Amino acid sequence: MTRAAVICGLGTWVPPRVVTNDMLAAELDTSDEWIRTRTGITRRHVVNPGVSTGHLATEAGRRALESAGVTGVDVVVVATSTPDRPCPATAPVVASRLGLSGVAAFDVAAVCTGFVYGLATAAGLIGTSVAKTALVIGADTFSTILDPGDRTTRVIFGDGAGAVVLRAGDHEEAGALRGFDLGSDGRGVDLITVPAGGSEQRGSGVTAEEADTYFHMDGPQVFARAVRHMTSSVRSVLKDVAWDAEDIDHVVPHQANVRILDACARELGVSADRVVKNVDRVGNTVAASIPLALADASADGRLEAGQRVVLTGFGGGLSWGSAALTWPGITAVGGER
Ligand code: ACO
């Protein structure tokens, strides 16, 4: 039997600058009322110029190591779709800043599903004894790729980072990752996208001046698919680990939009108080959203050791994924404020 990957540390970091709905309404044709009723968001954290995804990832990673009480790991995985550069990956520089030069380090790109994909990847490395420990960081700075004049995206996204430390352990112990469900559908490539910056536009002769480097999302199309795929993915992982929906103590979904989270809860037959939400205070932080929500629920005492938790995410790709785990007896360091 392969070894289980067990969560033994959790750390987070959000940039200190807060942008409220009223601040956005002062520069865009929107309102606090529209943003709150359509998304549930009241504010978000945004980086200052000069601060990149790698900086946030390093801060969250440092706090996760502190939470686990360790100074090193065998592998660093950074889930992000706003890497510091198109090439190389952000993870090696994050590892070096954490004093971990020499360890395996690479990025996983699955947009809002990135953290779940990163967990599954690291769990696989631990399960096959390639690594005994791993640091999995979800970090994004979507503020750096949003069109400043686009009210449909500016109001939704926030910046942040969250990280967990995994170690090899037993399948039955608290903190063990019990099962995963992962999926994708590339036919939805244009629904959530940054068209330029990769080989497709460059190879087609699009000049730097013509390139569209801003993020675009077809919100209503994404809304329906997010509910459908997060719901079916949760059902798949529950089947895999032989849990029923009523066995789950907490669902921790990607924090896309409070209406999406409510719709998922209704579809799954899970009461609203068992769905962790913090999108109101941080917005959609993409790959950071699930660990930021975990830290929030851990800090306010909702997550208790041994409880059954299901993580679920949906995002660009299209991509989706869920993980079933039992919660470890750990104290998160950092936390969303
Ligand atoms: N302020 C005021 N009005 C606005 C704003 C705004 N910020 N944004 C859009 N509107 C307008 C639209 O122009 C439209 O006007 P019209 O009816 O005159 O055309 C109207 O409000 C309704 O717009 P919709 O887009 O239909 O609004 P909707 O209720 O669908 O909300 C939203 C938009 C919030 C984007 C929603 O669709 C959503 O949350 N979608 C899912 C996002 C998601 O799940 N993302 C996850 C993955 S993200 C990733 O992977 C990076």
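As a reminder, the structure under discussion sits directly above these lines.
Below is a short write-up of the structure.

Parameters and conventions
- Residues numbered from 1 in each chain as written.
- Predicted model: local features only at pLDDT ≥ 70, side-chain atom pairs only at ≥ 80, totals over all residues.
- Heavy atoms only, no water.
- Pairing = 2+ DSSP bridges.
- Helix = DSSP H or I, 4+ residues; strand = E, 2+ residues; numbered from the N terminus.
- Axes fitted to C-alpha atoms, helices over the stretch in contact; angles between N-to-C directions.
- Near = heavy atom within 4 Å.
- Polar contact = N/O pair within 3.5 Å; in protein donor to acceptor, adjacent residues only side chain to side chain.
- Areas by Shrake-Rupley, 256 points an atom, 1.4 Å probe, with all protein chains shown as cover.
- Nonpolar A, V, L, I, M, F, W, Y, C, P; charged D, E, K, R; others polar.
- Salt bridge = Lys/Arg side-chain N within 4 Å of Asp/Glu carboxyl O.
- Buried < 20%, exposed > 50% of the residue type's maximum accessible area, 1.4 Å probe, protein only.

**Side note on the sheet that holds strand 13 (residues 319-326)**
Link 1 in the chain: The strand order across the open sheet built from 4 strands is 8-13-12-11, with neighbouring strands paired in mixed fashion. Unpaired on one side and paired on the other, strand 8 (177-184) and strand 11 (250-253) mark the two borders of the sheet. Each strand of the sheet is rotated relative to its neighbour by a mean of 15°, with strand direction disregarded.
Link 2 in the chain: Where strand 12 (residues 308-315) and strand 13 come together, 8 bridges link them in antiparallel fashion. Within strand 13, the residue paired with R308 across the bridge is T326.

**Quick look at the site of the ligand**
Link 1 in the chain: Surrounding the ligand, one finds 28 residues, the nearest of these being T30, R38, C112, N257 and G316.
Link 2 in the chain: At 2.6 Å from an oxygen atom of the ligand is found a side-chain nitrogen or oxygen belonging to R38.
Link 3 in the chain: Contact distances for the ligand include 3.0 Å between a nitrogen atom and a backbone N or O atom of R151.
Link 4 in the chain: Coverage of the ligand by the protein chains reaches 75% of its 1,000 Å² of free accessible surface.
Link 5 in the chain: Of all the secondary structure elements, the ones that give two or more residues to the shell around the ligand are helix 2 (32-39), helix 6 (151-154), helix 8 (219-241), helix 9 (258-268) and strand 12.
Link 6 in the chain: When residues of the shell around the ligand are assigned to their parent elements, the largest contribution, 4 residues, is made by helix 8.
Link 7 in the chain: Residues belonging to the shell around the ligand are distributed by class as follows: 16 nonpolar, 8 polar and 4 charged.

**What about the pattern of salt bridges?**
Link 1 in the chain: Scanning the model with the defined rule gives 12 salt bridges in all.
Link 2 in the chain: One salt bridge in this structure joins D170 and R3, with 3.5 Å as the shortest N-O distance. Residue D170 is found in the loop between strand 7 (160-169) and strand 8, and its partner R3 is found in the segment before strand 1 (4-13); the two are separated by 167 residues along the sequence.
Link 3 in the chain: For R3, a relative accessible area of 40% puts it in the partly exposed group.
Link 4 in the chain: For K277, the salt bridge is made with D262, and the minimal N-O distance between the two is 2.8 Å. Placement of the pair is K277 in the loop between helix 9 and helix 10 (279-282) and D262 in helix 9, with a sequence separation of 15 residues.

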